[in-house]
Amino acid sequence: MSKAIFQRPVQLSLGRVVTILLLVAIYVGAVVFFASANERFLSWSNGQSILRHMSASGLAALGLTFVIIVRQYDLSFPWVASFGGMTTGFLIAQGFPLAAAIVGGLAASLVFGAINGIAVGLMRLPDIITSIATGSIAFGLAYLYSNGVSIYDNFLTSGILSLNDARIAGVPLPPVLFLGIALACWVLLERTRFGRAFHATGENRTSANYSGIRVRSYVVASFCICALLATLAAILVSAGGGQADVRMGANLMMPAYASVFLGTAVFGRTGIPAIVAGTLFMSTLLNGFNVMGVPFYYGDAIVSGVLILALSIANPVIHAHVRAMSDLLRSRDSRGA
């Protein structure tokens with residue numbers, strides 16, 4: 001396998017540094033604004049709320065990152081997560097141990113991740129259409145466990161609530177779990193040949209294939225990882241709510257995509273640090289508006305606006321127009337001088 005295909009140095013140009021500093025400035029400004037609007041925003045209890053929200057949406061974003069890296073899209077993971085979460089809730093209600101219930105839910109979602117991966121990676125079907133279809137099937141199957149009614153039997157005694165309430169050194173378990181998995185993903189993607197092959201697959205499949213990388217297998221693996229981490233996010237949501245609900249994954253889609261593309265637009269490359277930063281930004285923003293009393297249904301509009309902004313920043317066509325305008329202004333200034 002050629003080593004050249006793995007040499008992807010990250011170039012921090014002046015423009016990139018300015019973009020990162022701009023995001024930091026916007027984040028600090030948002031924190032100051034929310035804190036001045038409501039002093040409760042800076043409280044430790046509200047900070048924990050931000051961390052918990054960041055954990056669930058961040059896990060979904062981490063899984064989505066693998067799919068984006070190989071240049072594919074997955075629109076099924078929220079509904080696959082709902083199916084996996086409902087499977088876990090059903091098994092808990094039937095008296096299965098918590099570990100077995102979680103494994104069962106993850107295994108159920110893994111089936112759909114494999115179906116997506118095989119259909120897109122091996123059969124070359126369109127990723128968006130395929131994932132919409134599999135997501136619809138998964139969402140429909142989620143209703144079979146309880147006819148759409150929330151499942152909460154045995155939740156108080158199974159130990160699942162501890163996933164939300166437990167603390168490590170005073171910090172809630174969900175953010176510790178999220179950061180631990182984020183670190184593992186970073187090591188995998190940046191420090192192992194297996195992980196770097198995901199980047200190689202996305203950058204140039206032909207070159208990757210000639211280098212001995214089984215690109216189709218990596219596409220399958222990316223969809224499987226996405227399904228597993230999205231379902232783990234849904235299980236955390238279930239632990240926080242004390243019940244399994246068929247729509248527990250419904251709110252994962254937009255924050256995950258917004259976090260991935262915002263981080264990529266700012267850092268110039270899809271990677272774990274960028275996704276963590278994007279997730280923190282989005283979670284803080286949504287929490288701040290919630291503390292201010294902004295109705296929750298405006299959340300999608302806020303997230304969608306950030307997503308459009310991120311896509312605009314990352315759009316090479318817009319970059320070309322900005323550079324052309326900058327060159328035009330420079331030429332005019334030089335003529336005037």
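Student: An account of helix α12 (residues 253-267) is requested, with residue identities and associated values reported.
Tutor: Its 15 residues give α12 an end-to-end C-alpha distance of 21 Å, which sits within 8% of 21 Å, the value for a rise of 1.5 Å per residue. With 13 of 15 residues buried, α12 lies mostly within the body of the structure. The positive-phi residue at the C-terminal boundary of α12 is Gly268, with phi of around 80 degrees.

Student: Which residues make up the pattern of salt bridges, and what values do they have?
Tutor: In total, this model carries one salt bridge according to the counting rule given. Between Arg269 and Glu190 there is a salt bridge, with the nearest N and O atoms lying 3.2 Å from each other. You can see Arg269 sitting in the loop between α12 and α13 (272-291) and its partner Glu190 sitting in helix α8 (residues 173-191), a full 79 residues away along the chain. By relative accessible area, which is 11% here, Glu190 ends up buried.

Student: Describe the side chain of Asn46, with residues and values.
Tutor: Assignment of secondary structure puts Asn46 in helix α2 (residues 44-69). For Asn46, a relative accessible area of 3% corresponds to the buried category. From its side chain, Asn46 meets the backbone oxygen of Phe41 in a polar contact 2.8 Å long. Within polar-contact distance, the side chain of Asn46 engages the side chain of Asn287 at 2.8 Å. In contact with Asn46, not counting residues within four places along its chain, are Arg40, Phe41, Asn287 and Val291.

Student: For the packing of aromatic side chains, give the residues involved together with the corresponding values.
Tutor: For the coordinates displayed, the defined rule picks out 17 aromatic pairs. On the numbers, 6.3 Å between centres and 45 degrees between planes, the contact of Tyr27 with Phe281 is tilted. With Tyr27 in helix α1 (residues 14-37) and Phe281 in helix α13, this residue pair connects regions lying 254 residues apart in the sequence. Exposure remark for Tyr27: the relative accessible area of 25% places this residue in the partly exposed category. By relative accessible area, Phe281 is classed as buried at 10%. An aromatic cluster is built from Phe33, Phe34, Phe41 and Phe289, whose rings are joined through pairwise contacts.

Student: An account of the environment of Val28 is needed here, citing residue identities and associated values.
Tutor: If you trace the backbone, Val28 turns up in helix α1. As for Val28 and Phe281, which are separated by 253 residues in sequence, their C-alpha atoms are 10.0 Å apart.

Student: Report on the environment of Leu161, specifying residues and quantitative values.
Tutor: Structurally, the position occupied by Leu161 is in the loop between α6 (155-158) and α7 (162-165). Between the alpha carbons of Leu161 and Gly241 there is a distance of 8.5 Å; along the sequence they are 80 residues apart. Dropping the residues within four chain positions of it, Leu161 is found in contact with Phe155, Leu156, Ala239 and Gly242.

Student: Please set out a nonpolar patch on the surface residue by residue, giving values where relevant.
Tutor: The grouping of Ile118, Leu122, Met123 and Leu125 at the surface amounts to a nonpolar patch, some 350 Å² of accessible area in total. Mapped onto the elements, Leu125 comes out in the loop between α4 (98-122) and α5 (127-142). A relative accessible area of 37% means that Leu125 is categorised as partly exposed.

Student: Any chance you could break down the confidence of the model for the protein chain for me, citing the residues and the numbers?
Tutor: Overall, the predicted model of the protein chain reaches an average pLDDT of 87, with 87% of residues at or above 70. The low-confidence segment residues 1-9 (pLDDT under 50) makes 23 contacts with residues lying over four places distant or belonging to another chain.

Student: Outline the packing of α2 against α8, listing residues and values.
Tutor: Following both chains from N to C, one finds α2 and α8 inclined at 20 degrees, their axes separated by 8 Å at the closest point. In terms of their interaxial angle, α2 and α8 are classed as roughly parallel. Taken as a pair, α2 and α8 cross one another with a handedness that is left-handed. Facing α2, whose interface residues are Leu51, Arg52, Met54, Ser55, Gly58, Leu59, Leu62, Phe66 and Ile69, α8 presents Pro174, Pro175, Phe178, Ile181, Ala182, Cys185, Leu188 and Leu189. Taken together, the residues of the contact of α2 with α8 break down into 14 nonpolar, two polar and one charged.

Reading the values: the criteria
- Residues numbered from 1 in each chain as written.
- Predicted model: local features only at pLDDT ≥ 70, side-chain atom pairs only at ≥ 80, totals over all residues.
- Heavy atoms only, no water.
- Helix = DSSP H or I, 4+ residues; strand = E, 2+ residues; numbered from the N terminus.
- Expected span 1.5 Å × (residues − 1).
- Buried < 20%, exposed > 50% of the residue type's maximum accessible area, 1.4 Å probe, protein only.
- Salt bridge = Lys/Arg side-chain N within 4 Å of Asp/Glu carboxyl O.
- Polar contact = N/O pair within 3.5 Å; in protein donor to acceptor, adjacent residues only side chain to side chain.
- Contact = heavy atoms within 4.5 Å.
- Phe/Tyr/Trp six-rings, centres within 6.5 Å; stacked < 30°, edge-to-face > 60°.
- Patch = residues over 30% accessible without salt bridge, like charges linked within 9 Å, V, L, I, M, F, W, Y side chains within 5 Å.
- Areas by Shrake-Rupley, 256 points an atom, 1.4 Å probe, with all protein chains shown as cover.
- pLDDT = per-residue confidence, 0-100.
- Axes fitted to C-alpha atoms, helices over the stretch in contact; angles between N-to-C directions.
- Parallel < 35°, antiparallel > 145°, perpendicular 65-115°, else oblique.
- Left-handed = near helix turned anticlockwise from the far one by under 90°.
- Nonpolar A, V, L, I, M, F, W, Y, C, P; charged D, E, K, R; others polar.

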